[in-house]
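These are the residues of each chain, in order.
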Amino acid sequence: MFIYTLVLLLVIAALRQNVSCEANIQSQSFKIINGNEAAPHSLPYQAAILGMDGKFLCGGSLISPRSILTAAHCLDRAGTSVQVVLGAHNISNPGEEGQLKITSTQFVIHKDWNAKKALNDIALVILPKPIETTNTIKWVTLPTKKNAIYINKNGTVSGWGAYSDSDATNISPVLREARIKIISNFFCNIAYMGKITSSHLCTDGLKKQTFCTGDSGGPLVVDGVQVGIVSFNFVFGCSSGWPGVYTRVTSFLDWISEHVYN
């Protein structure tokens with residue numbers, strides 16, 4: 001951690017000369033960098049959120065029979081309705097067995113969502129009717145303790161985002177995942193020059209395994225429990241080695257409980 005901190009401080013010193021790192025993620029979405037293809041249907045809670053034109057917007061997770069958990073910034077550009085895809089591995093094959101597509105016109109965005117400061121980046125897409133679980137569709141478990149600590153635990157982040165900075169315009173046809181270590185907000189806050197709050201959660205970027213374009217709103221899961229929602233990353237690229245930042249689910253358990261549909 002000492003070397004990590006030293007490197008971050010040196011880079012930050014240089015960046016301060018010409019770069020504003022103020023988080024503004026209203027138009028961003030993210031991709032899995034240096035991950036692997038997930039085993040088909042091994043992450044049955046994973047959802048994809050598409051525009052009504054079929055273009056990929058973001059990821060999400062099924063948390064109840066009628067609720068998809070995602071990031072608020074994913075819905076900033078969604079219009080009045082979205083398509084939700086569940087049970088998919090190959091998102092480019094709508095005829096894939098077990099895949100289900102539903103149109104939703106009901107969203108719940110956190111009333112205090114602040115794109116400029118990347119705060120309260122959480123939302124729900126409400127499905128028009130309850131979804132039955134299948135071999136390819138299941139909901140993910142949420143934490144039960146608001147004060148749960150995840151530092152140094154390994155989490156799985158997943159999505160269909162593009163998988164290299166050089167090809168950020170194309171999503172991956174198949175679901176990909178990466179195993180990443182969760183780090184303390186203290187070290188993450190050094191990297192982001194004071195922008196990190198207690199409602200954020202960060203993962204190590206030193207192995208250059210992280211999310212990037214297309215994976216926004218997707219889940220970070222530890223031992224079967226979703227602890228994070230993909231929120232934002234460093235402006236210089238997802239392969240920069242900077243920590244990835246997530247909305248910390250435990251900070252919003254009351255909000256989720258208030259707005260979730262079963």
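Residues numbered from 1 in each chain as written. Predicted model: local features only at pLDDT ≥ 70, side-chain atom pairs only at ≥ 80, totals over all residues. Heavy atoms only, no water.

- You'll find the protein chain entered in an unreviewed UniProt entry as Peptidase S1 domain-containing protein, with Acanthoscelides obtectus given as the organism.
- UniProt, in its Sequence similarities (unreviewed entry) section for the protein chain, records the words "Belongs to the peptidase S1 family." (UniProt positions renumbered as here; feature names shortened; annotations may be inferred.)

### Concerning the pairing of strand S14 (residues 244-248)
Here is the key point about a regular strand: its side chains alternate between the two faces of the sheet.
Then comes step 1: Most of S14 sits out of view: five of its five residues are buried.
Then comes step 2: Note: strand S11 (residues 200-203) against S14, four bridges, orientation antiparallel. Counterpart to Leu201 in the pairing with S14 is Tyr246.
Then comes step 3: In this sheet, S14 lies alongside strand S13 (residues 225-232) in antiparallel orientation, the contact comprising four bridges. (Buried < 20%, exposed > 50% of the residue type's maximum accessible area, 1.4 Å probe, protein only. Helix = DSSP H or I, 4+ residues; strand = E, 2+ residues; numbered from the N terminus. Pairing = 2+ DSSP bridges.)

### Examining the side chain of His110
Then comes step 1: Note that His110 resides in the loop between strand S7 (106-109) and strand S8 (123-126).
Then comes step 2: By relative accessible area, which is 11% here, His110 ends up buried.
Then comes step 3: Those residues within four positions of His110 in sequence are excluded, and the remaining contacts are Asn120, Ile122, Phe252 and Trp255. (Contact = heavy atoms within 4.5 Å.)

### Here's the deal with the sheet that holds strand S4 (residues 67-70)
Then comes step 1: The seven strands lie next to each other as S6-S5-S2-S3-S4-S8-S7, forming an open sheet whose pairing is antiparallel. Every other strand in the sheet has two partners, leaving strand S6 (100-104) and S7 as the edge strands with one partner each. Averaged over all pairs of adjacent strands, the angle between their axes in this sheet comes to 30°, without regard to strand direction.
Then comes step 2: Bridge analysis of strand S3 (residues 56-64) against S4 gives three bridges, and the strand direction is antiparallel. Each residue of the ladder has a partner; that of Ser64, found in S4, is Ser67. (Axes fitted to C-alpha atoms, helices over the stretch in contact; angles between N-to-C directions.)

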